[in-house]
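Notes for the structure review
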Amino acid sequence: MMPGGRSLDHARWSAVAVAVSATLVVAAHAAEIKVVQKDRAFSVKQVTVRVGDSVTFVNADAVNHNVFSEAAGAQFDLVQPPGSTQTVKLIQPGRVEVQCAIHRAMRLEILVTP
Amino acid sequence: MSLTRSVALALSILAVVAARAGAAKDPWRLPLGLDRQAAMIPDDNPMTAEKIALGKQLFWDKRWSRDGTVACVSCHLPEHGWSDPRHRSVHVGGQPTLRHSPTLVNRVFSDRQGWTGFAASIEHFVREDASFVVGNLRAIPAYEEALRRMFGTGPTQDTAIQAVAAYVRMIVSGNSPYDRFRAGNADALSATARRGLALFETKARCARCHAGFNFTDESYHNIGVGMDKDNPDLGRFQVSKREINKGAFKTPTLRDVARRAPYMHDARFATLREVVAFYDRGGIPSAWLSPEMAPLGLTPDQQEDLVAFLEALTGEVPPDVATPPVLP
C-alpha cells in the first residue's frame, strides 16, 4: 500500500460511512412500516411511528378490506381489493385508530410520535 | 360503549331463577353451545329479575304504541324465530317497515344491531323505534309504580328502553342438534346434516362469514341482494358513508334460521333451499360484491345437505322467556 493510500482509503471509507449514516438518519425520520392484512386481522395490533413516516397496508387476503381513520390530521378511507397495497403518511403526532369498515374485529392503533 | 362481560348476566340470571323458582336447584344457564364470556351487558343497564320481567311486559304491550296497534312482539314473533313471516312488518299507522324484521335471537352477543348495524346497542335499537310513547305508560299505574321503584323515577324514555333491552338480552337460543353433536352426541345430527356441516365449513364457504358459536362475524358484506334493483338499498353505506359498504348488510346469526322465513333483508327468498341456491350461483354481481361470492358448484344433493344442516341449528329459547306475560 502506498503511503498516501491509507489516507485515501480512509477518506473513501469515511465518505461511505457518512453516506450510510445519512441514509439511516433519513430512514429513521421517514420510515415506511408495512402492515399486512391476513386472515381478517392486522399483522400487528399497535405500531409506533414518527411524524413523516408512512404505513403501507398490504391486503394478503382473498377478500376486500378497507382501512379508515377519523383521527385529527390522519383522516383516510381506502378501499383494498385482494392483493392491493395502500400507503398512508402520518404527518401529525397523536393516536390513530385504524379500522376496517367491513370486518368489525379488525383494529390497529398507530401512535405517531413527534 | 363500555361493556362488561357476562359475570353480571350470570349473577342476575341466577337471581331471576331464585325469584321465580324459589330455589337454586334449577339454575338458569345459557343453552348448550353459547359462550357466556361473549355476552355483552352495558355497565349502565345491569340485568335484574325485576327489570327483565317489566321489559317483557313492555315488549308485549301495545298500549304504549302511538296508536295502540303494535308492540315489539308484533314484528318479532317468538314462534317465528323472533322475526316476522311478513315481508315487511307494520308500524304504527299501518306503515310498512323498510326491511324485513331482523331476528332478536342472541342479540346479547352483539353490540351493533339491525341489518345495517345502525344501532350501537340494543338500547339504541329500541330508542330509534318511534312507535312507542313513554307518556302512555303513565296511564298504567303498575308501570308507573314499577319504573319508579326500579329507577327512582316514573316512566321516562330511558327507563322504559332499558327494561325492554334487558328482556331482549334474555332471548337466547342454543341446545340445537348441532350443539348436542358438538358436545359429543354423534346421533344428534343426521348423516345428511353432518355432510352439510362439512360443506358449510369448506366448499360452500358459509363459515367464512357465518363464523363462531353464534354463526356471524358481526361484519358487513355485499352479497348482491338488492343490488339488482333500480334504486338499491345501500345498507351499511347509509350509516358509514363509506364506499366499500355500499350494498353491504350485517351478517345475521344462523341460529333458529329455519324458523324465520322469508330470508334476506328484502325477504326475497321463501325457503332455505332458495337461499342455498342463491349462494351456489355466486350471488348477484355488483360493484362491491364480496370476492367470497363465486359460483360454488354444489350438486343438488349437496344443497340438500346444507339445508339439513341449517335446520339442525334450530335450538331452544328458555320457555319462560318466550311465553306471553300477564299484562297489568
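Here we take up the sheet that holds strand β4 (residues 54-59) of chain A. Residue and element names in this part refer to chain A. Reading across the sheet, the four strands line up as β2-β1-β4-β7 and stay open at both edges, with mixed pairing between neighbours. Only two strands of the sheet have a single neighbouring strand rather than two, namely β2 (41-42) and β7 (85-89). Here strand β1 (residues 32-38) runs beside β4; their pairing, made up of six bridges, is parallel. Pairing of V36 across the sheet is with V58, part of β4.

Turning next to the environment of A193(B). Residue and element names in this part refer to chain B. Mapped onto the elements of the fold, A193 is located in helix α8 (residues 191-201). Taking relative accessible area as the criterion, A193 reaches 2% and is therefore assigned buried. Separated by 113 residues in sequence, A193 and L306 place their C-alpha atoms 6.8 Å apart. Residues in contact with A193, not counting those within four places in the same chain, are D305, A308, F309 and A312.

Turning our attention to the packing of aromatic side chains. All names here are of chain B. If you walk through the whole model with that rule in mind, you get 16 aromatic pairs over all chains. Measuring from ring centre to ring centre gives 4.9 Å for F109 and F213, while their planes differ by 90 degrees; the resulting arrangement is edge-to-face. Taken together, the residues span a long stretch of sequence, with F109 in the loop between α3 (72-75) and α4 (122-127) and F213 in the loop between α8 and β3 (220-221) at a distance of 104 residues. Among the aromatic side chains, those forming a connected cluster through ring pairs are F59, W60, W82 and Y167. The ring of Y220 has R236 sitting right over it, with the charged end atom 4.2 Å from the ring centre. It is K246 that lies over the ring of F237; its NZ or CZ is 5.0 Å from the centre.

This paragraph deals with the domain arrangement of chain B. Residues and elements named next belong to chain B. With domains assigned, chain B is organised as domain 1 (36-172) and domain 2 (177-311). Inter-centroid distance (C-alpha atoms) of domain 1 to domain 2 is 27 Å. Summed over both partners, the interface of domain 1 with domain 2 buries about 1900 Å², with 55% contributed by carbon and sulfur atoms. Of all residues in domain 1, R99, W115 and T116 give up the largest surface area on contact with domain 2, accounting jointly for 29% of the area buried on that side. Linking domain 1 with domain 2 are one salt bridge. The closest approach of N and O atoms between R99 and D233, which form a salt bridge, is 2.6 Å.

What follows concerns the side chain of Q99(A). Residue and element names in this part refer to chain A. Tracing the backbone through its elements, the reader meets Q99 in strand β8 (residues 94-99). Only 3.2 Å separates the side chain of Q99 from the side chain of R107, close enough to count as a polar contact. The residues touching Q99, leaving out its near neighbours within four places in the chain, are N66, V67, F68, M106 and R107.

Another aspect to go through is unusual backbone geometry. All names here are of chain B. In this chain, A261 is followed by P262 through a cis amide linkage whose omega measures 0 degrees. Mapped onto the fold, P262 is located in the loop between β4 (249-250) and α10 (272-281). We note that E218 has phi near 60 degrees; this positive angle belongs to a residue other than glycine. With respect to the helices and strands, E218 occurs in the loop between α8 and β3. Although it is not a glycine, K241 sits at a positive phi angle of roughly 60 degrees. Structurally, K241 is set in the loop between α9 (237-240) and β4. By relative accessible area, which is 55% here, K241 ends up exposed.

Further remarks concern the interface of chain A and chain B. Contact with chain A, which involves 15 residues of that partner, is made by 17 residues of chain B. Buried surface at the junction of chain A and chain B, both sides included, amounts to about 1300 Å², of which 51% is carbon and sulfur. Area buried by chain A at its contact with chain B is led by R40(A), I102(A) and R104(A), which between them contribute 43% of it. At the boundary of chain A and chain B, one finds five salt bridges. Taking the shortest distance from any N to any O, the salt bridge between E70(A) and R242(B) comes out at 2.5 Å. In this assembly, chain A and chain B are joined by ten residue pairs in polar contact (both at pLDDT 80 or more). Elements that contribute at least two residues to the side of chain A that touches chain B include exactly β5 (65-71) and β6 (74-80) of chain A. For the side of chain A that touches chain B, the element with the most residues is β5(A), which contributes four residues. Tallied by class, the residues present in the side of chain A that touches chain B amount to seven nonpolar, four polar and four charged.

Below, the discussion takes up the packing of helix α2 (residues 49-60) of chain B against helix α5 (residues 141-151) of chain B. Residue and element names in this part refer to chain B. Contact geometry for α2 and α5: axes closest at 11 Å, N-to-C directions at 150 degrees. The handedness of the crossing between α2 and α5 comes out as left-handed. Between α2 and α5, the residues in contact are E50, K51, L54, Q57 and L58 and Y143, A146, L147, R149, M150 and F151, respectively. A class-by-class count of the residues in the contact of α2 with α5 yields seven nonpolar, one polar and three charged.

Further remarks concern the pattern of salt bridges. Side chains that differ in charge, positive against negative, can pair when their charged atoms come close. Residues and elements named next belong to chain B. The final tally for this structure, using the stated rule, is 25 salt bridges over all chains. The salt bridge partner of D84 is R86, with a shortest N-O separation of 2.7 Å. Notably, a salt bridge pairs E123 with R169, separated by 2.8 Å at the nearest N-O pair. Within this pair, whereas E123 is found in helix α4, its partner R169 is found in the loop between α6 (157-168) and α7 (177-182), the two being separated by 46 residues in sequence.

The next thing to look at is the packing of α8(B) against helix α11 (residues 300-311) of chain B. Residue and element names in this part refer to chain B. Put simply, α8 and α11 touch, their axes get as near as 7 Å, and they point 100 degrees apart. The angle between α8 and α11 falls in the class roughly perpendicular. Each of T192, A193, R195, G196, L197, L199 and F200 in α8 lies in contact with α11, whose residues at this interface are Q302, E304, D305, L306, A308, F309 and L310. Tallied by class, residues from the contact of α8 with α11 come to eight nonpolar, three polar and three charged.

Reading the values: the criteria
Residues numbered from 1 in each chain as written. Chains lettered and ligands numbered in written order. Predicted model: local features only at pLDDT ≥ 70, side-chain atom pairs only at ≥ 80, totals over all residues. Heavy atoms only, no water. Pairing = 2+ DSSP bridges. Helix = DSSP H or I, 4+ residues; strand = E, 2+ residues; numbered from the N terminus. Buried < 20%, exposed > 50% of the residue type's maximum accessible area, 1.4 Å probe, protein only. Contact = heavy atoms within 4.5 Å. Phe/Tyr/Trp six-rings, centres within 6.5 Å; stacked < 30°, edge-to-face > 60°. Lys NZ or Arg CZ within 6 Å of the ring centre and 35° of its normal. Domains from an automatic or database assignment. Buried area = accessible area lost by both parts, 1.4 Å probe. Salt bridge = Lys/Arg side-chain N within 4 Å of Asp/Glu carboxyl O. Polar contact = N/O pair within 3.5 Å; in protein donor to acceptor, adjacent residues only side chain to side chain. Nonpolar A, V, L, I, M, F, W, Y, C, P; charged D, E, K, R; others polar. Axes fitted to C-alpha atoms, helices over the stretch in contact; angles between N-to-C directions. Left-handed = near helix turned anticlockwise from the far one by under 90°. Parallel < 35°, antiparallel > 145°, perpendicular 65-115°, else oblique.

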